[in-house]
Amino acid sequence: MSFSSNAKEEICRAAVNKRCCALAESYGVLLFCNTFSRTRVRIVTESTPFAQRIPKLFKKAFGIEPDSITGGEGSKYTIEIRERSSIARIFDAIGYGEERDVALHLNLGVVEEECCRAAFLRGAFLSGGSATSPEKNYHLELLTSHYYVSREAFALLLDMGFEPKASKRKSNYVIYFKSSEQIENFLTKAGAPVAAMTIMSAKVEKELNNRVNRRINCDAANADRTVDAAQEQLEAIAALRRAGILETLPEKLQETARLREMYPELSLNQLCEMFQPQVSKSCLNHRLRKLSELARK
Ligand SMILES: [Zn+2]
């Protein structure tokens, strides 16, 4: 199951209780669904829990039932209301007079209470929302075909402390979030805290992986430098031997050359420990530089 459908399933676990919230949630569903007009309501969804929730929701909010629910079993559900008296009751309940017929607006009276605002977001997400899996990307969007609804829902989200973004896609208006924190907050508010937690842990995992990768790259670079330096020192020692100089050098330098050849893979710090008694890093560094210098001459 996709991240979106999991989130929707989680949201649908909330019982349909208070009428004020049932109305606000239904309102969100209607404003963000496929068709909402004076003549027809048409909701299309892939989510089984959402399709099953709509009759309960509309019963509580408007005292009506959908005229038909078709599809399911691997295909999308289509929930329709065409009955004039049912649609009239919906428009009545959400406070739309005749003059609102042309362009739908967001009636803020329905979403006055804090509980109802959350319910409205829930409905909008169930109906016109989708969210990308946090392993891929951080993206959550709400899509509506009504221009004023998108603008006014945008303002409502700002008022609730969100930082939404907006764009247009074909004949639809999109409100979206790109920040993982905003998406977490939205999902928590809409009633999907588990989905929000999934985003949080995906984020932690990503950061951890990045840190580990940076660390590995850094270690690899250090190892490369150690190998390069050791290679140069070994060449210097070999050159000194070929020239017959090595055995004429002071014992300290000869010992250094011996140990370097014995342990070519060790870093300076590790090589220091091979001396009896142990020498300091700066001392060893000095001796190795001296060998290189002599070899150049
Ligand atoms: Zn409420």
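Residues numbered from 1 in each chain as written. Predicted model: local features only at pLDDT ≥ 70, side-chain atom pairs only at ≥ 80, totals over all residues.

With reference to specific residues and values, describe the pairing of strand 3 (residues 68–71).
Two elements, strand 3 and strand 4 (residues 77–81), share four bridges in a ladder whose sense is antiparallel. What sits directly across from Ile69, in strand 4, is Ile79. (Pairing = 2+ DSSP bridges. Helix = DSSP H or I, 4+ residues; strand = E, 2+ residues; numbered from the N terminus.)

Account for the sheet that holds strand 2 (residues 41–45), naming residues and giving values.
Taken together, four strands build an open sheet; the order of strands is 1-2-4-3 and the sheet is antiparallel. Bordering the open sheet on either side are strand 1 (35–36) and strand 3, each of which pairs with just one other strand. Sheet topology places strand 1 next to strand 2; two bridges connect them, and they run antiparallel. By the bridge assignment for strand 2, Phe36 is matched with Val41.

Please provide a residue-by-residue account of the domain arrangement of the chain, values included.
Under the domain assignment, the chain is made up of domain 1 (3–191) and domain 2 (229–296). Put simply, the middle of domain 1 and the middle of domain 2, counted by C-alpha atoms, are 75 Å apart. (Domains from an automatic or database assignment.)

So what's going on with the sheet that holds strand 6 (residues 140–144)? Residues and values would help.
Spatial strand order, 5-6-8-7: four strands in an open sheet with antiparallel pairing. Sheet topology places strand 5 (129–131) and strand 7 (165–169) at the edges, where each strand pairs with a single neighbour. With direction set aside, neighbouring strand axes in the sheet form an average angle of 25°. Here strand 5 pairs with strand 6 via three bridges, running antiparallel. Within strand 6, the residue paired with Gly129 across the bridge is Leu142. Contacts from helix 6 (residues 147–159) reach strand 6, strand 7 and strand 8 (172–177) within the one sheet, and its direction differs from that of strand 8 by about 15°. Where helix 7 (residues 180–190) meets the sheet, it contacts strand 5, strand 6 and strand 8, and its direction lies at approximately 105° from that of strand 8. (Axes fitted to C-alpha atoms, helices over the stretch in contact; angles between N-to-C directions. Contact = placed C-beta atoms within 7 Å.)

Please give an account of helix 2 (residues 19–31) that cites residues and values.
Here helix 2 is 13 residues long and its end C-alpha atoms lie 18 Å apart, about the 18 Å a rise of 1.5 Å per residue gives. Most of helix 2 is tucked away, with 11 of its 13 residues classed as buried. Among the residues making up helix 2, those that are buried are Cys21, Ala22, Leu23, Ala24, Glu25, Ser26, Tyr27, Gly28, Val29, Leu30 and Leu31. (Expected span 1.5 Å × (residues − 1). Buried ≥ 20, exposed ≤ 12 C-beta atoms within 10 Å, placed from the backbone.)

Just give me the short version of the nonpolar core, but keep the residues and values in it.
Ala24, Tyr27, Leu31, Phe120, Ala124, Leu187 and Ala190 are the most contacted members of the largest nonpolar core, which totals 56 residues. Not counting chain neighbours up to four residues away, the residues in contact with Ala24 comprise Val110, Val111, Cys116, Ala119 and Phe120. Formed by 10 residues, the second largest nonpolar core is a distinct cluster that contains Ile237, Leu271, Leu288 and Ala295. (Core = buried A, V, L, I, M, F, W, Y, C linked by C-beta atoms within 7 Å.)

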